[in-house]
Amino acid sequence: MSDIVGSSFGHVNPKRHYIFDLPDARRAAICREDFWVPHPAATYLIQKINMMLEVENKTQAPCMVCCGDGGSGKTSHVNRLKQEVKSWDKKLIFVTMHQNPNNYSLKQLILSAMGVDFSRQARAATNITPQMQAIIKRDNIKGVVIDEVHDALTLTDLQQRINLSLLKNLSGSEYGLSVFAFGIGSAQKVLRADPQLERRYAVHDIKPFSYGEEYRNFVSSYVYNLPLKYRSNIDGELLLLLHKKTHGLVDNIVKALQASAAYAVLNGDERIKKEHITNVDVLLDMFGMSMSSYD
Ligand SMILES: Nc1ncnc2c1ncn2[C@@H]1O[C@H](COP(=O)(O)OP(=O)(O)O)[C@@H](O)[C@H]1O
Ligand SMILES: [Mg+2]
């Protein structure tokens, strides 16, 4: 069945043809599910991180703070990196300050991600530094990725100082780990207000798409993966309108395309139309979605 149907949907990624065999309600729901679309700026950042990890025997491991507004794609980059690093020989550990139900400190999150027992008893009994060093060596851990780092840096002054000194220790000679910190702009301000860290941390901005080729390619690749029966006419007018409505913020672009596609399945349009984008706020509301405000 899939093969016969598949052959007539040349405008859709063959890997997604199986979705045409599902009921329309399910197909509409799948239109609103997230998937990753590679684009040059993301590939560049992941390559940069890979290259930074190649450097050995530095007194201080190279670190980077990756800044972007909410919805600019930071967490998606982190998740993508998590996937890609599986095929690398060097390893990264991942922590996120957000969604931290146990209210662990940054240090506890890092220890827990490494599998170190950091209970009070364990700490009282031993100095954990050698244990951490052994795990880093055993697992070939080269860096720590922290998502939502602003949550660690915009706490009380005392917590902020503790976390900044932890970041210094991690990348110093004792551990030699590169730190990749993802967060909103205020994170950069805090990190770079410290003269020692300022020298250590490169800054990478995760920006909205400007109206140009990368944006056009991203939209085309995204639409290629949406299971709609007819080819959408993604012309200059639609692209410009979409850019105007979304300000090029990836979260908004993705939501607008997802809601339009889901609507197009349910009402039988089966393609993304300009009028969907014109009325995108109504469509988003219909599915309980909303765009990030962006000034
Ligand atoms: N390369 C990409 N391909 C497809 N969707 C993406 C991509 N980058 C981001 N998105 C989508 O944009 C939305 C917001 O991204 P997110 O990473 O959560 O932003 P941030 O962490 O900066 O707030 C998510 O729904 C995500 O799926
Ligand atoms: Mg995020």
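All values reported here derive from a predicted model rather than from experimental measurement.

Reading guide: rules and limits
- Residues numbered from 1 in each chain as written.
- Chains lettered and ligands numbered in written order.
- Predicted model: local features only at pLDDT ≥ 70, side-chain atom pairs only at ≥ 80, totals over all residues.
- Heavy atoms only, no water.
- Salt bridge = Lys/Arg side-chain N within 4 Å of Asp/Glu carboxyl O.
- Helix = DSSP H or I, 4+ residues; strand = E, 2+ residues; numbered from the N terminus.
- Buried < 20%, exposed > 50% of the residue type's maximum accessible area, 1.4 Å probe, protein only.
- Domains from an automatic or database assignment.
- Pairing = 2+ DSSP bridges.
- Axes fitted to C-alpha atoms, helices over the stretch in contact; angles between N-to-C directions.
- Contact = heavy atoms within 4.5 Å.
- Near = heavy atom within 4 Å.
- Polar contact = N/O pair within 3.5 Å; in protein donor to acceptor, adjacent residues only side chain to side chain.
- Areas by Shrake-Rupley, 256 points an atom, 1.4 Å probe, with all protein chains shown as cover.
- Nonpolar A, V, L, I, M, F, W, Y, C, P; charged D, E, K, R; others polar.
- Parallel < 35°, antiparallel > 145°, perpendicular 65-115°, else oblique.
- Left-handed = near helix turned anticlockwise from the far one by under 90°.
- Phe/Tyr/Trp six-rings, centres within 6.5 Å; stacked < 30°, edge-to-face > 60°.
- Lys NZ or Arg CZ within 6 Å of the ring centre and 35° of its normal.

Let's talk about the pattern of salt bridges
Under the counting rule described, the total for this entry stands at 12 salt bridges. Of the charged contacts in the structure, one is a salt bridge between Arg26 and Glu33, with a shortest N-O distance of 3.3 Å. Ionic pairing is found between Glu237 and Lys274, a salt bridge with its closest N-O pair at 3.6 Å. Pair noted here: Glu237 is in helix 13 (residues 236–246) and Lys274 is in helix 15 (residues 274–278), with a separation of 37 residues, a long-range link. A residue is classified by how much of its surface remains accessible, and Glu237, at 55% relative accessible area, is exposed. A single salt-bridge network, built from bridges that share partners, covers Asp24, Arg27 and Glu270.

Things to note about the domain arrangement of the protein
Structurally, the protein comprises domain 1 (2–35 + 225–286) and domain 2 (40–205). Using only C-alpha atoms to locate each centre, domain 1 and domain 2 end up separated by 37 Å.

Quick notes on the sheet that holds strand 4 (residues 178–183)
Judged by pairing direction, the sheet is parallel, and its five strands sit side by side in the order 2-3-4-1-5 without closing on themselves. Two strands lie at the open edges of the sheet, namely strand 2 (91–96) and strand 5 (201–205), each paired on one side alone. Strand-to-strand twist across the sheet, computed as the mean angle between neighbouring axes with direction ignored, equals 20°. Pairing of strand 2 with strand 3 (residues 141–147) involves six bridges; the strand directions are parallel. From the neighbouring strand, Lys91 faces strand 3, where its bridge partner is Ile141. Sitting on the sheet, helix 10 (residues 185–193) is in contact with strand 1 (63–67), strand 4 and strand 5, with an inclination near 165° to strand 5.

Quick word on the site of ligand 1
Neighbouring ligand 1 are 18 residues, the closest being Val37, Gly71, Lys74, Thr75 and Ser76. Between ligand 1 and Asp34, the relevant distance is 3.2 Å, taken from an oxygen atom to a side-chain nitrogen or oxygen of the residue. The protein chains hide 85% of the 560 Å² of surface that ligand 1 would expose on its own. Where the shell around ligand 1 is concerned, the elements lending two or more residues are helix 4 (74–85), helix 12 (213–224) and helix 14 (250–267). Looking at side-chain class alone, the shell around ligand 1 contains seven nonpolar, seven polar and four charged residues.

Some points on the packing of helix 5 (residues 106–114) against helix 7 (residues 128–138)
What describes two packed helices is the angle between their axes and the distance between those same axes. Interaxial distance between helix 5 and helix 7 falls to 11 Å at its minimum, and their mutual angle equals 50°. Viewed along their axes, helix 5 and helix 7 adopt a mutual orientation that is oblique. In the packing of helix 5 onto helix 7, the handedness of the crossing is left-handed. Contacts from Lys107, Leu111 and Met114 in helix 5 reach Ile128, Met132, Ile135 and Ile136 in helix 7. Of the residues in the contact of helix 5 with helix 7, the class split is six nonpolar, no polar and one charged.

A short note on the side chain of Lys74
Tracing the sequence through the fold places Lys74 in helix 4. For Lys74, the side chain forms a polar contact with the main-chain oxygen of Gly68, separated by 3.0 Å. Setting aside residues up to four positions removed in sequence, Lys74 forms contacts with Cys66, Gly68, Asp69, Asp147, Phe182, Gly183, Ile184 and Ile206.

Some details on the packing of aromatic side chains
In total, this model carries six aromatic pairs according to the counting rule given. For the pair Phe9 and Phe20, a centre-to-centre distance of 3.9 Å together with 15° between the ring planes defines the contact as stacked. Taken as a pair, Phe9 in the loop between helix 1 (2–7) and helix 2 (24–31) and Phe20 in the loop between helix 1 and helix 2 lie far apart in primary sequence, 11 residues in all. For the residue pair Phe9 and Phe20, the accessibility class agrees, reading buried in each case. Consider the rings of Phe209 and Tyr215, whose centres lie 6.4 Å apart with planes at 55°: the pair is tilted. Like Tyr215, Phe209 is buried. Among the aromatic residues, those joined into a cluster by ring pairs are Phe35, Phe209, Tyr211, Tyr215, Phe218 and Tyr222. It is Arg16 that lies over the ring of Phe35; its NZ or CZ is 4.7 Å from the centre.

Some words on unusual backbone geometry
Even without being a glycine, Glu148 presents a positive backbone phi close to 60°. Summarising the element assignment, Glu148 is placed in the loop between strand 3 and helix 8 (150–153). Backbone geometry places His247, a non-glycine residue, at a positive phi of 55°.

Topic: the pairing of strand 1
Judged by how many residues are buried, strand 1 sits mostly within the fold: five of five residues are covered. By the alternation rule, side chains of strand 1 split into Cys63, Val65 and Cys67 and Met64 and Cys66, which are all buried. Where strand 1 meets strand 5, five bridges bridge the pair, whose relative direction is parallel. Its bridge partner lying in strand 5, Met64 is registered against Ala202. In the sheet, strand 1 pairs with strand 4 via four bridges, with the strands oriented parallel. Across the sheet, the residue bridging to Cys67 is Gly183, located in strand 4.

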